[in-house]
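Topology and contacts: notes
Each chain, written out:
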Amino acid sequence: MTEQSSAQGGGRADPLGGMPALALFLTALGLAGCGGAGQGPQAVAVPPDVAGTVHVCSSCHGPGGRSISSTFPRLAGQQKDYLIAQLTAFRDHKRADPHAQTYMWGMAARLSDPTIVALAAYYAAQPPVPGTPDNSPEAAAGREIYTQGIPAANVPACMVCHGGKGEGNSAFPRLAGQHSAYIERQLEAFASNARANEIMHANSKNLTAEQIRDIAAYVRSL
Amino acid sequence: MFGKGRVSEAASKFSAIAYAVLSVAPCLVGAALYILDIRPVHALPSYARQTGQQCAACHNGFPELTPYGRLFKLNGYTFTGGNYSNWPPLAMMAIPNFTHVAQSQPGGLAPGFGNNNDFAFTGSLFYGGKIFDHVGAFIQGTYDQVPNAIHWDNTDIRYANTGQLSDHELVYGVSLNNNPTVNDVWNSTPAWGYPYVASQLAPTPAASTLVEGLLAQQVLGLNPYIYWNRLVYAEVGGYRTLSPWSLSALGIPPPGTSSIDGLAPSWRLALEPAWGNNTWEVGTFGLAASLVPQRIGGAGSNHVTDVGFDTQYEFLGARDSFSLQARYILEYQDSSASQALGLSSNSFNNLHSLHLKGTYYYKQMIGLNVGYFNIQGSSDPLLYGDVSANNSPNSSGWIFELDYIPFNYGGPAFWPWLNMKLGLQYIRYNKFDGASTNYDGAGTNASANNTLFAFAWFAF
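Residues numbered from 1 in each chain as written. Chains lettered and ligands numbered in written order. Predicted model: local features only at pLDDT ≥ 70, side-chain atom pairs only at ≥ 80, totals over all residues.

**Some points on the overall build of chain B**
Within chain B, the secondary structure is distributed over 8 helices and 18 strands. Here the C-alpha radius of gyration of chain B, 21 Å, is about what a compact globule of 460 residues would show, namely 23 Å. Projecting the C-alpha coordinates of chain B onto the three principal axes gives extents of approximately 60 × 45 × 40 Å. Burial status across chain B gives 59% buried among its 460 residues. (Helix = DSSP H or I, 4+ residues; strand = E, 2+ residues; numbered from the N terminus. Rg over C-alpha atoms; globule rule 2.2 N^0.38 Å. Buried ≥ 20, exposed ≤ 12 C-beta atoms within 10 Å, placed from the backbone.)

**Focus on the overall build of chain A**
From N to C terminus, chain A includes 11 helices and 0 strands. Written out in order from the N terminus, the α and β elements of chain A read α-α-α-α-α-α-α-α-α-α-α. The buried share of chain A, reckoned over its 222 residues, is 41%. Once local pairs closer than 6 in sequence are excluded, the contacts in chain A between residues at least 24 apart make up 69%. (Contact = placed C-beta atoms within 7 Å.)

**Focus on the domain arrangement of chain A**
Residue and element names in this part refer to chain A. The domain architecture assigned to chain A consists of domain 1 (49–124) and domain 2 (137–221). Inter-centroid distance (C-alpha atoms) of domain 1 to domain 2 is 21 Å. No other element matches the 3 residues that helix 4 (residues 80–91) contributes to the side of domain 1 that touches domain 2. (Domains from an automatic or database assignment.)

**Description of the pairing of strand 6 (residues 219–228) of chain B**
Residue and element names in this part refer to chain B. The two faces of strand 6 differ: Val219, Gly221, Asn223, Tyr225 and Tyr227 on one face are buried, but Leu220, Leu222, Pro224, Ile226 and Trp228 on the other face are not. Direction of pairing for strand 5 (residues 168–177) relative to strand 6: antiparallel, over a ladder of 8 bridges. Bridged to leucine 176 within strand 6 is leucine 222. Where strand 6 lies against strand 7 (residues 232–241), 8 bridges are found, and the strand directions are antiparallel. Among the inter-strand pairings, valine 219 is bridged to a residue of strand 7, identified as threonine 241. In textbook terms, the turn of a hairpin is the stretch between consecutive antiparallel strands, and for strand 6 and strand 7 this stretch comprises 3 residues, one of which, asparagine 229, has a positive phi near 55 degrees. (Pairing = 2+ DSSP bridges.)

**Notes on the packing of helix 4 of chain A against helix 6 (residues 113–124) of chain A**
All names here are of chain A. Relative to each other, helix 4 and helix 6 sit at 140 degrees, their axes nearing to 8 Å. When the axes of helix 4 and helix 6 are compared, the pair comes out oblique. The handedness of the crossing between helix 4 and helix 6 is right-handed. Contact residues: Lys80, Leu83, Ile84, Leu87 and Thr88 in helix 4; Ile116, Val117, Leu119, Ala120, Ala121, Tyr123 and Ala124 in helix 6. Here the contact of helix 4 with helix 6 is composed, by residue class, of 10 nonpolar, 1 polar and 1 charged. (Axes fitted to C-alpha atoms, helices over the stretch in contact; angles between N-to-C directions. Parallel < 35°, antiparallel > 145°, perpendicular 65-115°, else oblique. Left-handed = near helix turned anticlockwise from the far one by under 90°. Nonpolar A, V, L, I, M, F, W, Y, C, P; charged D, E, K, R; others polar.)

**Here's the deal with the nonpolar core**
By size, the foremost hydrophobic cluster in this structure holds 71 residues, and its most contacted members are Leu87, Met104, Ala108, Ala120 and Tyr123 of chain A together with Cys58 and Leu201 of chain B. In terms of nonpolar packing, the next biggest core, distinct from the first, is built from 23 residues, Tyr239, Leu247, Ile252 and Leu291 of chain B among them. (Core = buried A, V, L, I, M, F, W, Y, C linked by C-beta atoms within 7 Å.)

**Notes on the packing of helix 7 (residues 137–148) of chain A against helix 11 (residues 209–221) of chain A**
Residue and element names in this part refer to chain A. Here helix 7 crosses helix 11 at 90 degrees, and the two axes come no closer than 7 Å. The angle between the axes of helix 7 and helix 11 places the two elements in the roughly perpendicular class. Here Glu138, Ala139, Ala141, Gly142, Arg143, Ile145 and Tyr146 of helix 7 lie close against helix 11, whose contacting residues are Gln211, Arg213, Asp214, Ile215, Ala217, Tyr218, Val219 and Ser221.

**Focus on the environment of alanine 289 of chain B**
All names here are of chain B. Summarising the element assignment, alanine 289 is placed in strand 11 (residues 278–292). Among the residues examined, alanine 289 registers 30 C-beta atoms within 10 Å and is labelled buried. For the pair alanine 289 and threonine 305, spaced 16 residues apart in sequence, the C-alpha separation works out to 6.4 Å.

**A short note on helix 4 of chain A**
All names here are of chain A. In this model, helix 4 (12 residues) spans 17 Å end to end at C-alpha, consistent with the 16 Å of a helix rising 1.5 Å per residue. Listed as buried for helix 4 are Leu83, Gln86, Leu87, Phe90 and Arg91. Down the axis, helix 4 shows its buried residues gathered within 135 degrees of arc, on one side only. Residues of helix 4 that are buried sit in contact with helix 5 (98–108) and helix 6. At the C-terminal side of helix 4, histidine 93 shows a positive phi close to 60 degrees. (Expected span 1.5 Å × (residues − 1). Arc of directions from axis to C-beta.)

**What about helix 3 (residues 51–61) of chain A?**
Within helix 3 of chain A the residues assigned to the buried category are Thr53, Cys57, Ser58, Ser59, Cys60 and His61 of chain A. Packing partners of the buried residues in helix 3 of chain A comprise helix 5 and helix 6 of chain A together with helix 4 (67–74) of chain B. Count one or two residues on from helix 3 of chain A and you reach glycine 62 of chain A, which has phi positive near 85 degrees.

**Looking at the environment of valine 182 of chain B**
Turning to its location among the elements, valine 182 of chain B is positioned in the loop between strand 5 and helix 5 (210–214). As for valine 182 of chain B and tryptophan 192 of chain B, which are separated by 10 residues in sequence, their C-alpha atoms are 6.6 Å apart.

**Some remarks on the pairing of strand 13 (residues 320–334) of chain B**
Residues and elements named next belong to chain B. Note: strand 12 (residues 302–316) against strand 13, 14 bridges, orientation antiparallel. Counted as the bridge partner of tyrosine 313 is leucine 324 from strand 13. Hairpin geometry of strand 12 and strand 13 is characterised by an intervening segment of 3 residues between the two adjacent antiparallel strands. Direction of pairing for strand 13 relative to strand 14 (residues 348–362): antiparallel, over a ladder of 15 bridges. Within the sheet, the bridge partner assigned to phenylalanine 322 lies in strand 14 and is tyrosine 360.

**Section: the environment of asparagine 148 of chain B**
All names here are of chain B. Relative to the helices and strands, asparagine 148 resides in the loop between strand 3 (135–144) and strand 4 (149–165). Residue classification places asparagine 148 among the exposed residues on the basis of 12 C-beta atoms within 10 Å. On a C-alpha basis, the gap between asparagine 148 and tryptophan 87 in space is 31 Å, while along the polypeptide they are 61 residues apart.

**Observations concerning unusual backbone geometry**
Of the consecutive residues phenylalanine 62 of chain B and proline 63 of chain B, the connecting peptide bond is found in the cis state with omega at 15 degrees. Its location among the elements puts proline 63 of chain B in the loop between helix 3 (55–58) and helix 4. The omega torsion of the bond from tyrosine 194 of chain B to proline 195 of chain B falls at 0 degrees, within 30 degrees of zero and hence cis. Among the structural elements, proline 195 of chain B can be located in the loop between strand 5 and helix 5. Even without a glycine there, the phi angle at asparagine 154 of chain A is positive, about 60 degrees. Mapped onto the fold, asparagine 154 of chain A is located in the loop between helix 7 and helix 8 (159–162). Its identity as a non-glycine residue notwithstanding, glutamine 217 of chain B has a phi of 65 degrees, on the positive side. Mapping glutamine 217 of chain B onto the fold places it in the loop between helix 5 and strand 6.

Written out as structure tokens, the structure reads:
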């Protein structure tokens, strides 16, 4: 062992450490080659009049609204009416949960009504991110709440408004394939009224942290 | 970040050190009288006004950049949105600070300062924001109480645009800047690396590689770049030295600076995969320069090549955020000109610089940073002999910092763009200029330079 080690160490002109660094670099190259950015279906073309705005949106929400970070919701395939309502609420400071204030109040401050409609139409037309299969007990429990509600706690079934496949309907947002951490944050914000919405406050205020986590795990899998 | 050298007790000794060490640009004692060490960078309130966003959108703590902050910079500081987009893009910064060194320095920590426990002040004015549709800027001018001077500071003016390449987004642009790596968007490279603010009064190790601040504000560089598919960043560029007249006009005293002979090429390549709330960057950077030591002609040039490797991992969560940065720089110094001028003993030296840092932030409000650095290189009596008894540049130690940032999610109602960081930093040296004990031959131990630095950093 000793001989072998010294033989390998034999041309050590200098403990420059370039090799480990290089190895790390090459590993990352390989990882990046397999890696995540830019996957998914082809996006629908960006209308020229909002191309600049969409580019800024994509900084956080990803190309075509397929965001990577759960800080930012996926917008691809979202309901147009819901997007219009939210962008307008950001602009008019009617939606005031912490992340809305950090990012979206500024982003939306100078959007005109026609631009909001064009942006909403663009993201609604993007192919949504497919759900991530989830066979966990949490997702199963979430499915129960999503489809049946919790009658004892006055929690109605989510699917009544958001659709059997989480596809949403008009002002009721698409939930399918959404980041679970984002869904959890929104349910918590509805429950605490940080995000003011009478219907969702009533529906979420009796949910436990575990139930919120279960619902979020399920809708992500849709 | 050790651009600043040791301000020692006797001015004559200082001059001798500076003369010897400045000759090979990478290794400076005392360069800091010229290259200012507090180089803060910043959650610029003018950017917050332009975008309407809170500091936390672009900064993890500050000044570390989030993925969105990186895109904002790569897109030329041109994103708008906020209701105050039309305000002039001006911002200010003030950093009153306090330095305590383990062992008092007879004669004062700097001219005009006491032997220990000194207060100092630095302040900056920024022009930061969109200029035209695809052109934006970060321009900083700074007043430093040490050494009581106003000078131009970090500057990055850029053009950026977007297109498509192989069906994926391509951001492309060019940066005109005055400090290698100041245009970089990862905090693992030197210009925006940890520590983000440091005492200008405390002794710091003599040696530093060229790319770690020794050309800061003395050069102009043009760096075209591309950023493809939010994954691959590539940049090449070149730097030229400013004339002594220009430096003087910009508040940078030319004496002691070395000049680049011709053009110094630089490069940067980085990959940054992202998944969930994580990003991981791995890259390389560096530059190669022919340097006329102290601008003394007649002996030719030194040739200095810096090859750097860096990596950064970031996790940004709603409550917890982590980041890790590492860089390793290999420097090759062909010092034939310095040797001919009697400024260095060897015709060839090398220097290796390692910096590691980890940060945790709780709710973007309370942060803990731990950094480690290790500088190693070949011994050279003429280059290091005045500060190091064994003629060695070797230094290592730890940098701890505790931060409190109350306003990263928006300042008080009367001025929502105020940001503030209250910080307590402690530097512990294991080795200083060659040794742990008696490094200077006069009985001084490395630990005598351990530094406690407290600061209040305001940006508004």
